[in-house]
Amino acid sequence: MPEYEFVDVYVPRGVSRKEATRLLTDHAEYGHWELDRLSLRRDGSRKVRLRRRIIRQVRATW
């Protein structure tokens, strides 16, 4: 079963949809994050949870 690490990103109310998309695209491209969950709050702000897979290296034995 894969293991993931998570990060929560808060996008304030005044940020446009286009700017929020660009912000999340930058996280995806450069940090290898993917969207896990998006919550739109009553005040118009967004809470975004991003995840990326943890890759564990196995030590080679000689």
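Residues numbered from 1 in each chain as written. Predicted model: local features only at pLDDT ≥ 70, side-chain atom pairs only at ≥ 80, totals over all residues. Heavy atoms only, no water.

Bridge count between strand 2 (residues 34-40) and strand 3 (residues 46-54): six bridges; the pairing is antiparallel. The residue bridging Glu34 from the neighbouring strand is Arg51, located in strand 3. Counting the residues between successive antiparallel strands, the hairpin from strand 2 to strand 3 contains five residues, one of them, Gly44, with a positive phi of roughly 100°. (Pairing = 2+ DSSP bridges. Helix = DSSP H or I, 4+ residues; strand = E, 2+ residues; numbered from the N terminus.)

All right, on to the pairing of strand 3 then. As judged from the nine bridges shared by strand 1 (residues 3-11) and strand 3, these two strands associate in the antiparallel manner. From the neighbouring strand, Glu5 faces strand 3, where its bridge partner is Arg52.

As for its placement among the helices and strands, Arg46 is situated in strand 3. Put simply, Arg46 is tucked away with no salt bridge, and the nearest opposite charge, on Glu19, sits 8.3 Å away. Within the local environment of Arg46, its side chain forms a polar contact with the backbone oxygen of Val15, the two atoms lying 3.5 Å apart. Setting aside anything within four residues of it in sequence, one finds Arg46 in contact with Val9, Tyr10, Val11, Val15, Ser16, Arg17, Ala20, Ser39 and Leu40. (Buried < 20%, exposed > 50% of the residue type's maximum accessible area, 1.4 Å probe, protein only. Lys, Arg positive; Asp, Glu negative; His and termini not counted. Salt bridge = Lys/Arg side-chain N within 4 Å of Asp/Glu carboxyl O. Polar contact = N/O pair within 3.5 Å; in protein donor to acceptor, adjacent residues only side chain to side chain. Contact = heavy atoms within 4.5 Å.)

Under the counting rule described, the total for this entry stands at zero aromatic pairs. Between the NZ or CZ atom of Arg49 and the centre of the ring of Phe6, over which it lies, the distance is 5.3 Å. Geometry around Tyr4 places Arg51 over its ring, the cationic atom sitting 4.2 Å from the centre. (Phe/Tyr/Trp six-rings, centres within 6.5 Å; stacked < 30°, edge-to-face > 60°. Lys NZ or Arg CZ within 6 Å of the ring centre and 35° of its normal.)

Next up on the list: the sheet that holds strand 2. Read across the sheet, three strands follow the order 1-3-2 without closing on themselves; strand pairing throughout is antiparallel. Because the sheet does not close on itself, it has two edges, and the strands there are strand 1 and strand 2. Between one strand and the next, the sheet's axes are offset by a mean angle of 20°, whatever the strand orientation. Together, strand 1 and strand 3 form the strand contacts of helix 1 (residues 17-31), whose direction differs from that of strand 3 by roughly 15°. (Axes fitted to C-alpha atoms, helices over the stretch in contact; angles between N-to-C directions.)

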